[in-house]
Amino acid sequence: MNSLTALLLLVWVSFSQSLSSDTFSVMMARASESNDFPDLYEASIAELQHGLEIGQFTSVDLVKAYFARILEVNHQGASLHAVIETNPQGLAQAAALDLERKTKGKRSELHGIPILVKDNIATLTEEGMNTTAGSFALLGSVVPRDAGVAAKLRASGAIILGKASLSEWANFRGDVPSGFSGRGGQALNPYLAQADPSGSSSGSGISTAIGLTAGALGSETDGSIISPSSKNNLVGIKPTVGLTSRAGVIPISSHQDTVGPMCRSVADAATILSVIAGPDPLDNFTLVQPSPVPDFTKALKPDALKGVRLGVPRLFQPQDVNIVAAFNASLEIFKELGATIVDPADFPDAQELLVSNNETTVLNVDFKVDINNYIAGLIEVPTGVKDLADLITFNTDHADLELIPPFYTSQSQFITSEATTVNASFFEALAADADLGRTRGIDGTLKQFNLDALLIPTDGFTSTPAAIAGYPVVTVPLGFQPDSVVATPANPTIANGPGIPFGISFMGRHFQNSN
């Protein structure tokens, strides 16, 4: 079963409600003279690659255009705070890839395509960009090498355009609004002024939604790809843990972290996932994945929904009536396309999952162990931090940069994690998560109802079952909040309001990412 095709059939690539700019980049000016040039708001990777292949424009043109777009809306105009820094070598790398295309041909479908990566994904220090998880504590730190996924992007000929903003420390510092980091400031949703972009891959979502990049990489421990993808009208793929390398990615949890694409279409997301997936000797979780690595674009078949059985876990749906109404309407479309809908198809252990605290135990312990190991592996850290305890002290000593009142003062999660130890309770929680998420969770539900996949609103209780199981989730755009919705107060961001997007998600088995 190729559920990615179902996603493609549902993708909305309409950005009529996204913010526009008064200033046009060089490429956009050229586009105004010829309808043949792609619109950066909606251009697919395939369209951009075609333009490069026929010589309509160059990768240098593309990088200049995206840099101009970032300049227009990042700290000026709408001030979306989507990008922390751009690649100072971007234009030189683009020129080299343009020359290589002429002399040797393209390396892959990503050759010469600019991609943003989240600021917890390491890139070569000598290139001139930092890797900080949004924190001043790691500013100037020297990483030993590219992250595994960054190295795969480079090998494919992609251009790493810059570092996308994020919820600091991937939203694991404390009770802090999504999208805020000390280095990046408060990122904002492009669909409604002052709205929550969700996180932690906030900048990856914002940037892709409004054409600041052709696509982006995010990371997820529990919801950090699929939630900001939903809120920014994007396709987001949270792969099976172990399909993509986490080596060189600033961690939360070795048991739950994964890296995946955030794009404007399923085809784009499948193209990027095909490049970044695969084993990495520096991440032993990737060494058990099936071989060979699939070309996920091969799963994009127009008739793939025929005969497919999709289950609806109603106990996990959100309370939002607009989202539920749009979701229910979509079920009829799936039926028309040949799918069988099993409704309800609730998890046997749904009530236990909803109240379980095992994930909290696992993440608190994992973070302390994994972040200490990450810092220990850095070549240099100018701030002198050596472990989580030092990070807590750094924030206290530099409160003017990190613990900014009134909304950003918390580092409660850091403090809780620092107090943990690896003990019997940790291993019991890990085992309980495997039982709840896999055996009596996703696997049990798929088996009980003879299903190919699960279908659920992204804004429901969607990310956690797959997070604790380490299983894949794909979200695609479903709709927008109607104009009649009254915006919630900004505190400091607006949680919901008119025009805010929401998505629909597909959940499947271990390494069944194509499905």
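Being a predicted model, the structure only gives us computed values, none of them experimental. (Residues numbered from 1 in each chain as written. Predicted model: local features only at pLDDT ≥ 70, side-chain atom pairs only at ≥ 80, totals over all residues. Heavy atoms only, no water.)

1. Overview of the overall build of the chain
What counts here: The way it works is that DSSP assigns letters per residue, a run of H or I at least four long becomes a helix, a run of E at least two long becomes a strand, and they are numbered from the N terminus. As a reference, a globule follows 2.2 Å times the number of residues to the power 0.38, and the radius of gyration itself is taken over C-alpha atoms. In this scheme, a residue with accessible area under 20% of its type's maximum is buried, one over 50% is exposed, and one in between is partly exposed, where area comes from a 1.4 Å probe on protein chains only. Working rule for contacts: check all heavy atoms of both residues, and any pair within 4.5 Å makes them a contact. Residue exposure ignores everything except the shown protein chains as possible cover, and the areas themselves are Shrake-Rupley values with a 1.4 Å probe. Counting rule applied: Lys, Arg positive; Asp, Glu negative; His and chain ends not counted. Note that the charge is assigned to NZ on lysines, CZ on arginines, CG on aspartates and CD on glutamates.
Across its full length, the chain carries 18 helices and 13 strands. Taken over the C-alpha trace, the chain has a radius of gyration of 21 Å; the compact-globule value for 515 residues is 24 Å, and the two agree within 12%. Taken along the three principal axes of its C-alpha coordinates, the chain extends 60 × 55 × 50 Å. Buried residues in the chain amount to 60% of all 515 residues. Counting contacts in the chain only where the partners sit at least 6 residues apart, residues at least 24 apart contribute 78% of the total. Looking at the chain as shown, the accessible area adds up to about 18,600 Å², and 54% of this sits on carbon and sulfur atoms. In the chain, the 31 positive side-chain charges and the 52 negative ones have mean positions that sit 7 Å from each other.

2. With respect to the sheet that holds strand β13 (residues 501–507)
Paired through their backbone hydrogen bonds, the strands of a sheet run either parallel or antiparallel. Stated formally: Pairing between strands requires that DSSP locate at least two bridges from one strand to the other. Here, axes are lines fitted to C-alpha atoms. For helices the fit covers the stretch in contact, and angles between N-to-C directions go from 0 to 180 degrees.
Spatially, β1-β3-β2-β6-β8-β7-β12-β13-β11-β9-β10 is the arrangement adopted by the 11 strands of the open sheet, whose pairing is mixed. Since the sheet does not close on itself, it has two edges, and those belong to β1 (83–86) and β10 (340–342), each with one partner. Averaged over neighbouring strand pairs, the angle between their axes works out to 30° when direction is ignored. Relative to strand β8 (residues 258–263), strand β6 (residues 216–220) runs antiparallel, the two being bridged by 5 bridges. For E220, the partnering residue across the bridge sits in β8 and is T258.

3. What to know about the confidence of the model for the chain
The criterion, for reference: You can read pLDDT as the predictor saying how much it trusts each residue, on a scale of 0 to 100.
Averaged over all residues, the pLDDT of the chain equals 93, while 93% of them reach at least 70. Taken element by element, the chain is modelled with least confidence in helix α1 (residues 3–10), mean pLDDT 34, and with most confidence in strand β2 (residues 114–118), mean pLDDT 99. Contacts from residues 1–34, a stretch scored under 50 in pLDDT, to residues over four places away or in other chains number 104 contacts.

4. Things to note about helix α10 (residues 266–276)
Buried residues dominate α10, accounting for 9 of its 11 residues. By the burial criterion, the buried members of α10 are V266, D268, A269, A270, T271, I272, L273, V275 and I276. After α10 finishes, the residue G278 shows a positive phi value of roughly 130°.

5. Describing the nonpolar core
As a reminder of what qualifies: Among buried residues, those of type Ala, Val, Leu, Ile, Met, Phe, Trp, Tyr and Cys that are joined through side-chain atoms within 4.5 Å constitute a nonpolar core.
Ranked by size, the top nonpolar core spans 104 residues in total, and within it I121, L153, L217, L310, F334, L391 and L455 carry the most contacts. The contacts of I121, once residues within four sequence positions are left out, are T131, A147, V149, A150, K163, L217, G248, V249 and V259. Grouped together as the second largest cluster of nonpolar side chains are 20 residues, F347, A350, L353 and Y471 included.

6. Some thoughts on the packing of aromatic side chains
Condition: Stacked, edge-to-face and tilted are the three classes for Phe, Tyr and Trp ring pairs, Trp counted by its six-membered ring, which pair at centre distances within 6.5 Å; planes under 30 degrees apart are stacked, over 60 edge-to-face, the rest tilted. Placement of a positive charge over a ring is assigned whenever Lys NZ or Arg CZ falls within 6 Å of the ring centre and within 35 degrees of the normal to the ring plane.
Counted by the stated rule, this structure contains 11 aromatic pairs. Taking 3.8 Å as the distance between ring centres and 10° as the angle between the ring planes, the aromatic pair formed by F180 and Y408 counts as stacked. With F180 in strand β4 (residues 180–181) and Y408 in the loop between α15 (399–402) and α16 (412–418), this pair connects stretches of sequence that are 228 residues apart. The exposure classification of F180 matches that of Y408, with both residues buried. Seen in terms of ring centroids, F334 and F506 are 5.8 Å apart; in terms of plane orientation they differ by 70°. Their pairing is edge-to-face. Of this pair, F334 sits in helix α11 (residues 321–336) while F506 sits in strand β13, placing them 172 residues apart in sequence. Taken together, W169, F172, F367 and F414 form an aromatic cluster joined through their ring pairs. Residue placement shows R246 over the ring face of F285; its charged tip is 4.6 Å from the ring centre.

7. Points about the pairing of strand β3 (residues 159–164)
By the criterion of burial, β3 is predominantly enclosed, with 6 of the 6 residues buried. The pairing of β1 with β3 spans 3 bridges and is antiparallel. Pairing of T86 across the sheet is with G162, part of β3. Alignment of β2 against β3, held across 5 bridges, turns out to be parallel.

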